[in-house]
Amino acid sequence: MASVVSVEHLTPSQKKAVYHKDGPLLVLAGPGSGKTRVITCRIAALIEAGVRPYHICAITFTNKAAEEMRLRVQQNAPAGGVYVSTFHALCVRILRQYAEQAGIASNFSIYDVDDQKRCMKEAIAACQVDSSNFTPARMLEIVSRLKNDLEDEVAYAARADDYNGKYTAKIYTQYQKLLRQNNALDFDDLLVKTAFLLRDCPDVRLELSRRFQYLLVDEYQDTNHAQYQIAKGLALAHRNICVTGDPDQSIYRWRGADIKNILVFEKDWPDAVVVKLEENFRSTPNILEKASRLIVANTKRKHKELIATRPKGDEVIIEACQDETEEARSIAERIKKKIADGVDPNEIAVFYRVNAMSRTIEEQLIRERLPYQVVRGVEFYARKEIRDMLGYMKLIVNPQDDIAFDRAIGTHPRGIGKTSVERLEEYARRNGQSLLAAAANAHQVSAINKPTQERLRAFAAMIAKFRNDSGGAVAPLMDCVFAESGYLESLKAAGAEGVAAIENVNELINAAAEYDRRTENPSLTDYMQSIALYSDTDAYNPDAGRVALMTLHAAKGLEFDHVFIIGLEEGVLPHERSLDGGTDDMEEERRLFFVGITRARKFLQITYARHRVMRGQFIRSVPSPFLYEIGFAGEQKGDFDDNWDEDDFSDNWHRPASRSSGRSPSSALRPAFSSAKPAAVKSSPSAGKTPAYKVNDLVQHAKFGLGRVKEFLDMGADSIVVVKFNSGQTKSLMLKYAKLDKV
DNA sequence: GTGAATCATCTTTTT
DNA sequence: GATGATTCAC
């Protein structure tokens, strides 16, 4: 058999990592060091050495990364059968296979952020504590942290002794009880249950070790304690564990990721071979120099060189802008020029700290008619109609899921109102039944009037019927549910918005049909459990011929020839919430910036704005301290005019100022002027001349279809309309270019 | 029981 | 601004 690994192009260190066969291996890989290539080559080398593909398990950080690695492994070797997945997907697989040993039913629901919130709200209410101190968001954060550290409610209750701790323990316990009742697991539970399963069931652990004899974990610096234990458990028997990562690129501490995992790897596996990949094949020396200067400011790190291998390239540009519009305009113009010069739009990216910052950039890219795509967190599956449909499907899979019952019964008016559901809940609680079971027995709930009792029973019967039909393909069933539940009918009656919702549901059904085609033994349970782990970051298409807009977090693992990083201001990057959180938070923000910088191959431009609209408030900001760390000398005189005063704004400023918040602004984010000033609120240069749109006007666009006006920025000939289209996307359109009609 | 309208609250990053 | 809770009119 011909060699499938192209050895001649590997450096000595890379070779060492690729050909290390048995035993623990730690690959400390700097950015741009060819890490992904090393992993794929290593898989190929293992197979060449006689390991069956079936026995190799590679764990990546995102679904997208998994998908890509599957492709690459496929290209590199006849490697069909290598199991590539994320930690969460692997856990779902394991928990379904060993549901009994894990103490759960295999048709469990997976709760996303929204479901978790509803569930937590209920838990807090049931505990009857003062809810102002225990908000669902705050409690979920704490519970998540505990779970990531593998501390269950019993262990936590045992050690919590102060007032807050005791109530937290009570709520945690109640929350877990609700999840159990609903036969549901949240994201963190997937990890916790798997870790405990491996800990408590040696036979399961051994069976899995026989199945996965070689374990590879990428982005190991971002694993949390639970994931660390899972990896360790899986590898305990054979010790064939290879982890790769870069402590300098750890950006998920807030999610429980623990840099210590990578630092203690050598303690856990004393005979581990450590390979460092320090050469950088990606970026120009100019870019790497900035990256190095930045990261050495972190005190809690092992020093690692960034060794440049490419020609010097262009200077890194640091640009000051007056406000976020100027910033966006400058970037859009530069992008326009690059594309005109023949640069592939795929090779251009704009990174920002928070999703909300994409909007201004989008506006300017639209203005310049430049193609772009925004890579965002959830989007499609977060839409109401999609969640509604999935509510039915979840309930069909898992009749115990009360959260799904609530969702499904409330999709549209069906003569069952809030009061009736509350009475039903009361009955269900008393009798220890699920809501669906209670609905089937609604004739016994005397508090509910007769006609409503019948409607509840009809609903329960309908779900039972769907459940009977739920073996096999997903799409036909979904189609059937959509029609027979009456949801389709009610959307049809809802006018233009309903039409868009129907289209979205049809898109969902198409996606399900695609799943049916792709999967050998399609089942609704399997489908529901797989889409729960899907995020729209996975939908990023690197070949779309579009400029990519994304958060710095989403940029991890990607690379582009031309990179723009915006918002280098104190309070944005580093983020406001990390300013008072101590040095650890600050160091993570620095790493985040480091990740952004090192995505760039040839060109890097970093911008900051002296003024920015944040949460509807106009604020004056200060350059990020990180800028000075990479050699920014401060502002040059005459760079721009800083002699603005409030009156200038009242002329330029076209967005209504929001009501001032009660909180005092942090020292870093002083409002530039009082938002209470009515003068700043409106001053339309040309009120009444152009065909003015009003908020909530229904409009028709030649390409995007129907939509509703969310905002109208009246600037005469340059007016901009922000429209939320029924397709779900929101677009900012220049009035003079957009083919837009009032409906 | 339903749906529109108003009010209040929170606002990072994501599997 | 987005979302959720609450209120009010039918």
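Residues numbered from 1 in each chain as written. Chains lettered and ligands numbered in written order. Predicted model: local features only at pLDDT ≥ 70, side-chain atom pairs only at ≥ 80, totals over all residues. Heavy atoms only, no water.

Undergrad: Explain the overall build of chain A to me, please; I cannot follow it from the model alone.
TA: Per the secondary structure count, chain A includes 30 helices and 22 strands. Taking all 743 residues of chain A together, the buried fraction comes to 54%. Intrachain contacts of chain A at a sequence separation of at least 6 include 75% that bridge at least 24 residues. When the accessible surface of chain A is totalled, it reaches about 33000 Å², and 49% of it is carbon and sulfur. (Helix = DSSP H or I, 4+ residues; strand = E, 2+ residues; numbered from the N terminus. Buried < 20%, exposed > 50% of the residue type's maximum accessible area, 1.4 Å probe, protein only. Contact = heavy atoms within 4.5 Å. Areas by Shrake-Rupley, 256 points an atom, 1.4 Å probe, with all protein chains shown as cover.)

Undergrad: Before we go on, may I ask you to explain the sheet that holds strand 7 (residues 241-245) in this structure?
TA: Taken together, the six strands give an open sheet; going across it, the order is 3-2-6-7-1-8, and neighbouring strands pair in parallel fashion. Each of the sheet's edge strands pairs with one partner strand only, and the pair in question is strand 3 (83-86) and strand 8 (273-277). Averaged over all pairs of adjacent strands, the angle between their axes in this sheet comes to 15 degrees, without regard to strand direction. One ladder, built from five bridges, connects strand 1 (residues 25-29) with strand 8; its direction is parallel. Looking across to strand 8, one finds that A29 is bridged to L277. Contacts from helix 1 (residues 12-19) reach strand 1 and strand 8 within the one sheet, and its direction differs from that of strand 8 by about 140 degrees. Relative to the sheet, helix 12 (residues 225-235) contacts strand 6 (214-217) and strand 7, its axis offset from that of strand 6 by approximately 160 degrees. (Pairing = 2+ DSSP bridges. Axes fitted to C-alpha atoms, helices over the stretch in contact; angles between N-to-C directions.)

Undergrad: I would appreciate a short explanation of the packing of helix 6 (residues 113-127) against helix 9 (residues 163-181) in the present structure.
TA: Helix packing for two helices is described by the angle between their axes and how far apart those axes are. Contact geometry of helix 6 with helix 9 gives a least axis separation of 8 Å together with a crossing angle of 125 degrees. Taken together, the axes of helix 6 and helix 9 are oblique relative to one another. Here the hand of the crossing between helix 6 and helix 9 comes out right-handed. Of the residues in helix 9, those in contact with Q116, C119, M120, E122, A123, I124, A126 and C127 of helix 6 are K170, I171, Q174, Y175, L178 and L179. For the contact of helix 6 with helix 9, the per-class residue count stands at ten nonpolar, two polar and two charged. (Parallel < 35°, antiparallel > 145°, perpendicular 65-115°, else oblique. Left-handed = near helix turned anticlockwise from the far one by under 90°. Nonpolar A, V, L, I, M, F, W, Y, C, P; charged D, E, K, R; others polar.)

Undergrad: What is the right way to read the pairing of strand 16 (residues 600-614) from this model?
TA: For a regular strand, side-chain orientation follows a simple rule: the groups alternate between the two sheet faces. With 13 of 15 residues buried, strand 16 is to be regarded as a mostly interior element. Sheet analysis places strand 11 (residues 317-323) next to strand 16, joined by six bridges and oriented parallel. When the bridges of strand 16 are listed, I318 appears paired with I606. By the bridge criterion, five bridges tie strand 15 (residues 560-565) to strand 16 in an arrangement that is parallel.

Undergrad: Honestly, the side chain of D115 in this entry has me stumped. Any pointers?
TA: In this structure, D115 sits in helix 6. Its relative accessible area of 5% is what places D115 among the buried residues. Those residues in contact with D115 that sit more than four places away from it in its chain are I110, R387, K394 and I403.

Undergrad: Would you mind going over the pairing of strand 2 (residues 56-60) with me for this structure?
TA: In terms of burial, strand 2 is largely enclosed, as five of its five residues are buried. Of the two faces of strand 2, the one carrying I56, A58 and T60 and the one carrying C57 and I59 are both buried. Relative to strand 6, strand 2 is paired through four bridges, and the arrangement is parallel. Among the inter-strand pairings, I59 is bridged to a residue of strand 6, identified as V217. Pairing geometry for strand 2 and strand 3, over four bridges, is parallel. Looking at strand 3, one finds that T60 is bridged to T86.

Structural measurements only, silent on function.
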